[in-house]
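# An overview of the molecular structure
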Amino acid sequence: MASSERSQDNNSKITVEETNFFYGEKQALFNVALTVPTHQVTAFIGPSGCGKSTLLRCFNRLNDLVEGARLIGRICLDGKDIYDPSVDVTDLRTRVGMVFQKVNPFPKSIYQNVVYGPQLQGIRRRSVLDGIVEKSLQGAGLWEEVKDRLHHSALSLSGGQQQRLCIARALAVNPEVLLMDEPCSALDPISTAKIEELLHSLKEQLTVVIVTHNMQQAARISDLTGFFLMGELIEYAATKTIFTNPSDSRTEDYVTGRFG
Amino acid sequence: MSDRIKKFLDSGTLFVWLCGTAVAASLLMVGGVLLLIMINGLGFFWPHALVEMTLTDGTHVLGELKGEEVIPHSETPEFPEGKTRVRLKVGNRDLYGLDFRWVDTDQITSADFPKDVAAFERREWGNFYGRIREVSRGEAVVASGNQEGWKALQPLIERANDLHDEIEHLQRDVIGDINYEIEETRLRIRELGLQGQRETPEVAEFQADTNRLETRYRKHVETLRALSRKLDEHSVLLVETNGREKRLVVGQIVKALRPNDMGFFEKMLRYFMNFWSVLSEEPREANTEGGIFPAIFGTVMMVLIMSVAVVPFGVLAAFYLREYARQGLIVRVIRIAVNNLAGVPSIVFGVFGLGFFVYAVGGTIDNLFYPEALPTPTYGTGGILWASFTLALLTVPVVIVSTEEGLSAVPREYREGSLALGATKFESMLRVILPCALPGILTGLILAVARATGEVAPLMLTGVVKLAPALPLDHHFPFLHFERKFMHLGFHIFDVGFQSPNVEAAKPMVYVTTLILVMVVIVLNLSAVALRNYMQKKFKASAV
Ligand SMILES: Nc1ncnc2c1ncn2[C@@H]1O[C@H](COP(=O)(O)OP(=O)(O)OP(=O)(O)O)[C@@H](O)[C@H]1O
Ligand SMILES: [Mg+2]
């Protein structure tokens, strides 16, 4: 219960207040309210189509791209409404990084992939960029594997390496929050284990929100877990509670594999 | 039984065969066309043997054998297959009136390939086939007899060709430059005149320049006359096979060959030399002889200008349609319109180019920037720029469509990945989407180039001419002369093949030009394909 207590205090990173989300006519989120605490790993679980990705993409306003998408409610980062007209979206997105389910390194070299974000921020000095590349790749646990071929194409890496490159790319802009939408769903068990390990160390530097379909994974890596069903947040509590003693029977059914 | 037929049909074997047949038929047709052009075009450069025939009436015929056919309606009981006749290129147009002649096979008593007959390629009147009687300098005979004359003639022809080169250099480069400068000075004076300056020191200075230039001009014309007289110094008396004589100034002869006396390698060498001279020389005799260099140059340059114009234009339009515009009814209508634009007959674009580019835009440019040259139009008449722009307009739909395809093939993950790193939409487009769409864009370029090289009709309205006085690229500032008229291989084919006074003699030239047009198309396309592959490789995984 320690985590949920903490989420009430000032350590909250993201606060979602009574949020409804629509894709045109279709409502994807119903009155969702939750708080993501700083320096913790928060996992979203739930059956397919229940709105986990939708909520995640609300956190960096990637849903703005979808035509007809509409949000009613309030989502705050460090207490500031991110949907406020005064917010610079590109700035928000450098603070809230994202790793996608579909591994998507750009068809450029490993080096260019990592410096993509920093260069957008106007960093041009070679020495600075070199430093960022090393630090980010180390942060993503990839440095040892690729340090000799930084200028090879990113697409020459294995799937797991590519995903860690995507993490390094996101880390390169020093985000405060890292959103991960099923980052391991396309990877083999060893790569998955590596990324899970990574999450433990990443937690020290930033806040992680991860969507996963894998119950064991959620149980292993997260501090808090939110269970979604049909666009509603059914239960949100410390991971241990969710998996051992859920208060809602639907949560219990889902985590024990009785449906979904 | 019907079961088995049904099974056969369902198995798809028939369909596979149909598909295969269609492919084979297409390949066969393409191959056939290429083969026809190659045979006719490449054969042109080979030094053909000269056959000398004696006919039943005692006359002789000398020339190149060009073919044999059955005389129409000549089937008689004795000759159930019909009689045949051969076609000869006998040349000597000035004596015979015609280059070609039919000879019935049964009229020929003997045929022979004498080693001592020669083919003379002349600057006028086409080839002369015959023997040499004497070579003289002025009135004095230098060498007489075929053998002696042949030996004496070779160095004389070489010297005459050198003289021709010198004259050409003088005429085109030296005197051409002076003329260019005189014209420029005239225009400056006129410009000052339009500004109301008539008697100012500036005008006087230009006037003095003109006088100086004219003195120089007259001096060079004198040199030119002297050179021309030198060309007329030697002459050669030729006899055709029946003994009729013809006196020729040596300066008239481009080259003399004895094809029956040449070995295979000599012929081979001559073959490549002929090929090269067609590629590198200017046309002669209403384009039916000489080379086609200006046409090759004009074609390539026009395609290059067109590419430079069409790619940015088409890419920007496609980016707008695909990335910025709201996907709705209007965009759909625009897209359909663009697609249909590709189906509009090209001559329509020619008319538009003439009306819009040449008259409207060009006329305005003339009024604003070149008033001193009026009433002679500068941009207000057909030129390579307007022709290229017209073709750019014609090919822009292709570029738009393939760029749009390239854009839609860029995975959504790349866009989102870029945006999620804090890029604006514009930055994402420039740094991720454009590079990914590059192969599509270049495919568009390839298609555009292929279409533009083959297009002739719109060019005829917007700047192509039969014979252009100067290339659109030279050493006079600003080097590229977009307003100049130019020559084009496609138009050259039409002009030589159907507009020339001597269609039969021009036929080989038609095939050669076609062959070279095909080669130019292939080379241009291959370079575009190579560019695309290079770009693709740059963005693909490097083999590790
Ligand atoms: N771009 C879109 N336009 C319209 N509807 C959408 C769009 N994206 C998602 N939806 C709908 O919103 C609902 C929630 O989708 P979301 O992608 O958030 O589900 P999810 O929980 O991430 O599912 P999964 O586990 O399969 O990824 C679904 O019913 C989906 O059909
Ligand atoms: Mg999802």
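Residues numbered from 1 in each chain as written. Chains lettered and ligands numbered in written order. Predicted model: local features only at pLDDT ≥ 70, side-chain atom pairs only at ≥ 80, totals over all residues.

## Details of the overall build of chain A
From N to C terminus, chain A includes 11 helices and 10 strands. Dimensions of chain A, computed from C-alpha atoms along their principal axes, come out at roughly 55 × 45 × 35 Å. Per-residue burial for chain A yields a buried fraction of 48% across its 260 residues. Counted over contacts in chain A with a minimum sequence separation of 6, partners at least 24 positions apart contribute 69%. (Helix = DSSP H or I, 4+ residues; strand = E, 2+ residues; numbered from the N terminus. Buried ≥ 20, exposed ≤ 12 C-beta atoms within 10 Å, placed from the backbone. Contact = placed C-beta atoms within 7 Å.)

## Looking at the confidence of the model for chain A
All names here are of chain A. Scored by pLDDT, chain A comes out at a mean of 88, with 95% of its residues at no less than 70. Looking across chain A, the model is least confident in helix α1 (residues 2-8), with a mean pLDDT of 40, and most confident in strand β8 (residues 207-211), with 94. Below pLDDT 50 for its whole length, residues 1-9 participates in 14 contacts with residues either more than four positions away or in separate chains. (pLDDT = per-residue confidence, 0-100.)

## Some remarks on the interface of chain B and chain A
With 18 residues of chain B at the interface, the matching set in chain A holds 22 residues. Mapped onto the side of chain B that touches chain A, the elements with two or more residues apiece are α11 (412-420) and α12 (425-454) of chain B. Residue classes in the side of chain B that touches chain A are distributed as 10 nonpolar, 4 polar and 4 charged. (Nonpolar A, V, L, I, M, F, W, Y, C, P; charged D, E, K, R; others polar.)

## Focus on the packing of helix α7 (residues 293-324) of chain B against helix α10 (residues 384-408) of chain B
Residues and elements named next belong to chain B. Between α7 and α10, the least distance of the axes is 6 Å, while the angle of their chain directions is 40 degrees. Relative to α10, the element α7 lies oblique. In the packing of α7 onto α10, the handedness of the crossing is right-handed. Residues that form the contact of α7 with α10 fall into these classes: 22 nonpolar, 5 polar and 3 charged. (Axes fitted to C-alpha atoms, helices over the stretch in contact; angles between N-to-C directions. Parallel < 35°, antiparallel > 145°, perpendicular 65-115°, else oblique. Left-handed = near helix turned anticlockwise from the far one by under 90°.)

## Some points on the site of ligand 1
In the vicinity of ligand 1, the contacting residues are Tyr23(A), Lys26(A), Ala28(A), Gly46(A), Ser48(A), Gly49(A), Cys50(A), Gly51(A), Lys52(A), Ser53(A), Thr54(A) and Val66(A). Ranked by residues supplied to the shell around ligand 1, first place goes to helix α2 (residues 52-59) of chain A with 3 residues. (Near = placed C-beta within 6 Å.)

## Remarks on the nonpolar core
Within the largest apolar cluster, 137 residues are counted, with the highest numbers of intra-cluster contacts made by Phe59(A), Ala168(A), Leu178(A), Leu179(A), Val399(B) and Leu445(B). If one sorts the elements of this core by residue count, α10(B) sits on top with 15 residues. Among residues more than four places away in sequence, those in contact with Leu445(B) are Ser307(B), Val311(B), Val399(B) and Ala528(B). Met53(B), Ala119(B), Val236(B) and Leu238(B) belong to the second largest nonpolar core, which has 25 residues in total. (Core = buried A, V, L, I, M, F, W, Y, C linked by C-beta atoms within 7 Å.)

## A few points about helix α8 (residues 329-341) of chain B
Here α8(B) is 13 residues long and its end C-alpha atoms lie 18 Å apart, about the 18 Å a rise of 1.5 Å per residue gives. Judged by how many residues are buried, α8(B) sits mostly at the surface: 0 of 13 residues are covered. (Expected span 1.5 Å × (residues − 1).)

## Thoughts on the confidence of the model for chain B
Within chain B, residue pLDDT values average 86, and 99% of them lie at 70 or more. The ipTM for the predicted assembly is 0.89, set against a pTM of 0.79.

## With respect to the environment of Pro72(B)
Residue and element names in this part refer to chain B. One can find proline 72 in the loop between β2 (60-70) and β3 (84-89). The class of proline 72 is exposed, set by 7 C-beta atoms lying within 10 Å. Taking the C-alpha atoms as reference points, proline 72 and glycine 82, 10 residues apart in sequence, are found 7.8 Å from one another.

## Here's the deal with the pairing of strand β6 (residues 96-99) of chain A
In summary, the side chains of a regular strand alternate between the two faces of the sheet. Residues and elements named next belong to chain A. On β6, burial covers both faces: Val96 and Met98 on one face and Gly97 and Val99 on the other are all buried. Pairing analysis gives 4 bridges linking β6 to strand β7 (residues 177-181), with the strands arranged parallel. Bridging from a neighbouring strand, methionine 98 pairs with leucine 179 of β7. (Pairing = 2+ DSSP bridges.)

## Some remarks on the pairing of β7(A)
Residue and element names in this part refer to chain A. For β7, a buried count of 5 out of 5 residues is recorded, marking the element as mostly surrounded by other parts of the structure. Alternating residues of β7 divide into Val177, Leu179 and Asp181 and Leu178 and Met180, and every residue in both groups is buried. Pairing of β7 with β8, which is carried by 5 bridges, proceeds in the parallel orientation. Bridging from a neighbouring strand, methionine 180 pairs with isoleucine 210 of β8. Traced from β7 through helix α8 (residues 189-205) to β8, the parallel crossover comes out right-handed. (Right-handed = clockwise from strand over helix to strand, strands pointing away.)

## Quick notes on unusual backbone geometry
All names here are of chain A. Unusually for a residue other than glycine, aspartate 78 sits at a positive phi of about 55 degrees. Structurally, aspartate 78 can be placed in the loop between β4 (69-77) and β5 (80-81). Although it is not a glycine, asparagine 174 adopts a positive phi angle of roughly 55 degrees. Looking at the element boundaries, asparagine 174 is found in the loop between α7 (159-171) and β7.

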